[in-house]
Amino acid sequence: MATLAGRFDDALTIIEPDEDKVNAAKAHAEVRDVLKADDELSKLGIDPVLIGSYARQVSIKHVKDVDVFARLTNVDASLAPGSILDSFEEVLTEEYGEDRIEKQYRSIKVDFPDFNLTVDAVPARACGENWEIPNKPEDAKRAQWVETNPLKLNDLTTEKNSEFQLNGAGIYVPIVKLVRQVRRTWLADQPGGLFFELMTYWYFENENPSATSVAEYLTLTLNGIAEMLPTVAGDGLDDPTLPGQKISTKATDRDLENAQEKMREAADLAADALADEDNCSSAVKWRKLLGKTSDGDDVFDLPSYCNDDGSHKNLAAVTSGATRVPAGDDRYA
């Protein structure tokens, strides 16, 4: 079994959105401050907080959007979603200009071209222990309030990462990031990254996996997702933050069929890579599985003693005076 621990450590570093994280933090803080500075929104008790994959620390290079969950703590049931969206649009347009603003059904999008990302400012009002945000169902003429609780997903992510440990560190978040990278590599578009993140959540929640390496955890998770997809394609995916509710997806039936086929292929490739006793041929399979970053860099680096076809280099070309690296030896990985 080739687990190639050092290579997976490097892969997680490679997909980490370091520069994006800095830019996302700046963009979020800027939009948050603009909203909080408005007198009328201040009267409504505006209290913005970061949500989304970036907030949960499961985003991968490149961070394309950041969600600002603009909680309004001093409003009642009379507040209309269309009205508050208009207010957000007015405030943000005054600050950034019409060219950088796009009104959407649930948010106001602010473009940050210098950072190559956008910020979605989402107004939210309290609904018991949860929140409501604007949305427009297909059969409705205007926006309505719909219940949600993205803050709970932040908490569930933290809990899962504390519950599942590998070598003294949380393994759940790294696996979510790798699953997101596999999805990006193997699927053109839908279902999106959140859908796969939540399937990862339910796999860990229901199956309680236990493994001794990142490679094994990833293989188990991908197989779990491949087995789960036919069911969720028909019945929908449960929302862990709202019991009894389902997660919506933009994926069509054809998208879901394609996802089932591709993720079964990806899971089988991961199982083959894990079972391979030769580090080099295994590493080539992991490289294929994880693909490239948005910058075009290979996510999984081959050990220095490996050729691109999975064969071993003449060891003299790697280190003089040593003997050939055994097939299962990861000392140089």
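Refer to the structure presented above.
Everything numeric here is computed off the predicted structure, so don't read it as measured data.

**Student:** What exactly am I supposed to notice about unusual backbone geometry here?
**Tutor:** Outside of glycine, negative phi angles account for most residues, and trans bonds account for most peptide bonds. The residue after Lys61, namely His62, is reached through a cis peptide bond having omega 10 degrees. Here His62 lies in the loop between strand S1 (46-51) and strand S2 (65-72). Looking along the chain, the bond that leaves Gln190 and enters Pro191 is cis, with omega of -5 degrees. Among the secondary structure elements, Pro191 is positioned in the loop between helix H6 (172-186) and helix H7 (193-207). The phi dihedral of Leu4 is positive, around 45 degrees, even though this residue is not glycine. When you line up the elements, Leu4 lands in the segment before helix H1 (5-15). You can call Leu4 buried: its relative accessible area is 1%. Phi is positive for Gln57, close to 65 degrees, though the residue is something other than glycine. Structurally, Gln57 can be placed in the loop between S1 and S2.

**Student:** Please explain the pairing of S2 as it appears in this structure.
**Tutor:** Looking down a regular strand, the side chains alternate between one sheet face and the other. Taken across its eight residues, S2 has seven buried, putting it largely inside the fold. As paired elements, S1 and S2 share six bridges and run antiparallel to each other. Across the sheet, Val49 pairs through a bridge with Phe69, a residue of S2. The sheet contact formed by S2 and strand S5 (residues 117-127) spans eight bridges and is parallel. The residue bridging Arg71 from the neighbouring strand is Ala124, located in S5.

Cut-offs and rules
Residues numbered from 1 in each chain as written. Predicted model: local features only at pLDDT ≥ 70, side-chain atom pairs only at ≥ 80, totals over all residues. Heavy atoms only, no water. Helix = DSSP H or I, 4+ residues; strand = E, 2+ residues; numbered from the N terminus. Buried < 20%, exposed > 50% of the residue type's maximum accessible area, 1.4 Å probe, protein only. Pairing = 2+ DSSP bridges.

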